[in-house]
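Coordinate inspection notes
If you want the building blocks of each chain, they are given just below.
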Number of protein chains: 2
Amino acid sequence: MPDDTKARIIEAGAEIIRRQGFNNTGIKDILDAVGVPKGSFYHYFPSKEAFGLAVVEHHMAHLGAKVRQALDRPDLGPLDRLRTFFAGAAALQAGQGYALGCPIGNLAQEMSDLSPAFRERLDKALSGLARPVAAILDEARTAGELPEGLDPAETAAFIVSAWQGALLTMKVAKHSGPFAAFDRMIFGRLLARRP
Amino acid sequence: MPDDTKARIIEAGAEIIRRQGFNNTGIKDILDAVGVPKGSFYHYFPSKEAFGLAVVEHHMAHLGAKVRQALDRPDLGPLDRLRTFFAGAAALQAGQGYALGCPIGNLAQEMSDLSPAFRERLDKALSGLARPVAAILDEARTAGELPEGLDPAETAAFIVSAWQGALLTMKVAKHSGPFAAFDRMIFGRLLARRP
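**As for the relation of the copies chain B and chain A**
The transformation that overlays chain B on chain A combines an axial shift of 0.0 Å with a rotation of 180°, and the residual RMSD is 0.0 Å. Taken together, the rotation and translation relating the two chain copies correspond to the operation of a two-fold axis. Interface overlap between copies: 100% of the residues of chain B at the interface are likewise at the interface in chain A, consistent with a symmetric, same-surface contact.

Laid out in structure tokens, this is it:
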């Protein structure tokens, strides 16, 4: 089943790259993990870069589904849904010892200046992550929950960017402090309606 | 002059690592750039990791001096000083095509899960970057410029973390949008005293 082999290479590669970085991962590391010969790899991917871009697609499909599922909470108002979503994402980080971080953020950091194809794909990926956040903020605005003068799209882009910073800082600090600060500053202040 | 050789190895290495990553940089790349034999490298550094930690020290000394200099503006109030500082840092990023990012953030992303010694040093470095920001916010509080209820230390940690996120996002997006959002959200909203 050739498609299964391709998927297995991508999945194993995504995991290894997430742990040790793209440039620090040899094709051999991936092949050894999956147990397929080198020819197989080049049958599916013309280059290591093409493989890396397939790994980005894989993460985006996975993350996109997770985000949509986590945000599908009709029992909660828009801002509570968003806050609950980030709390869940922070709990996942805690569960993995604040290691690994965001696979998209990691690759963005490592590859944006080294490969135009990666940069372009990762730029789309980060914008893609901001889109559902903007949609929720828009919903909050309609419901009269958003403080005056906040633009949903710009605020969403800032939140996703600040979240990337919090993930990076948690990866270094190995505790939840950066998330607690993110949560309090974003939801307790920036998005809070003052009396 | 042996100390000069050591400094030259660190400086050249810092530049190469900033551009292409730590794991992606071979000792040979650095030696070729400086024009010294391999024995020289191991005379000064017991290992590549020890060399990497010296590169972190180098960046911190350099960044620390730059931050102190940029913040030494007795003509401006504390929050204006801080805002001007980040605007200057963003202009530097623009001047280098939004490439390279923050050398400390880059290494934190790449090395925190791969080397406990790096993680520990980079954790101290990021906390060290938050300290002068906290001092300014404390000054702003004394001057009655800080909104009620904001803790200077936690707010400073959040700002430094969100700034790391903005640097990462600029590196991918290659435009000033992420800085504009950071500036408006942090200084136009979070630190602004509402009427």
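**Notes on the domain arrangement of chain A**
Residues and elements named next belong to chain A. The domain boundaries assigned to chain A delineate domain 1 (1-45) and domain 2 (56-190). Between the C-alpha centres of domain 1 and domain 2 the distance comes to 28 Å. With 10 residues of domain 1 at the interface, the matching set in domain 2 holds 13 residues. Summed over both partners, the interface of domain 1 with domain 2 comes to about 830 Å²; 62% of that surface belongs to carbon and sulfur atoms. For the domain 1 face of the interface with domain 2, the top three residues by lost area are Arg18, Phe22 and Asn23, together amounting to 64%. If you look at where domain 1 meets domain 2, you find zero salt bridges.

**Observations concerning the packing of helix H4 (residues 48-71) of chain A against helix H7 (residues 116-142) of chain A**
Residue and element names in this part refer to chain A. Put simply, H4 and H7 touch, their axes get as near as 10 Å, and they point 5° apart. Between H4 and H7, the angle is such that the two are roughly parallel. Between H4 and H7, the residues in contact are Glu49, Gly52, Leu53, Val56, Glu57, Met60, Leu63, Val67 and Leu71 and Ala117, Phe118, Arg121, Leu122, Ala125, Leu129, Pro132 and Ile136, respectively. Each residue belonging to the contact of H4 with H7 can be placed in one class, and the counts come to 13 nonpolar, one polar and three charged.

What counts and what doesn't
- Residues numbered from 1 in each chain as written.
- Chains lettered and ligands numbered in written order.
- Predicted model: local features only at pLDDT ≥ 70, side-chain atom pairs only at ≥ 80, totals over all residues.
- Heavy atoms only, no water.
- Least-squares fit on C-alpha atoms with pLDDT ≥ 70 in both.
- Contact = heavy atoms within 4.5 Å.
- Domains from an automatic or database assignment.
- Buried area = accessible area lost by both parts, 1.4 Å probe.
- Salt bridge = Lys/Arg side-chain N within 4 Å of Asp/Glu carboxyl O.
- Axes fitted to C-alpha atoms, helices over the stretch in contact; angles between N-to-C directions.
- Helix = DSSP H or I, 4+ residues; strand = E, 2+ residues; numbered from the N terminus.
- Parallel < 35°, antiparallel > 145°, perpendicular 65-115°, else oblique.
- Nonpolar A, V, L, I, M, F, W, Y, C, P; charged D, E, K, R; others polar.

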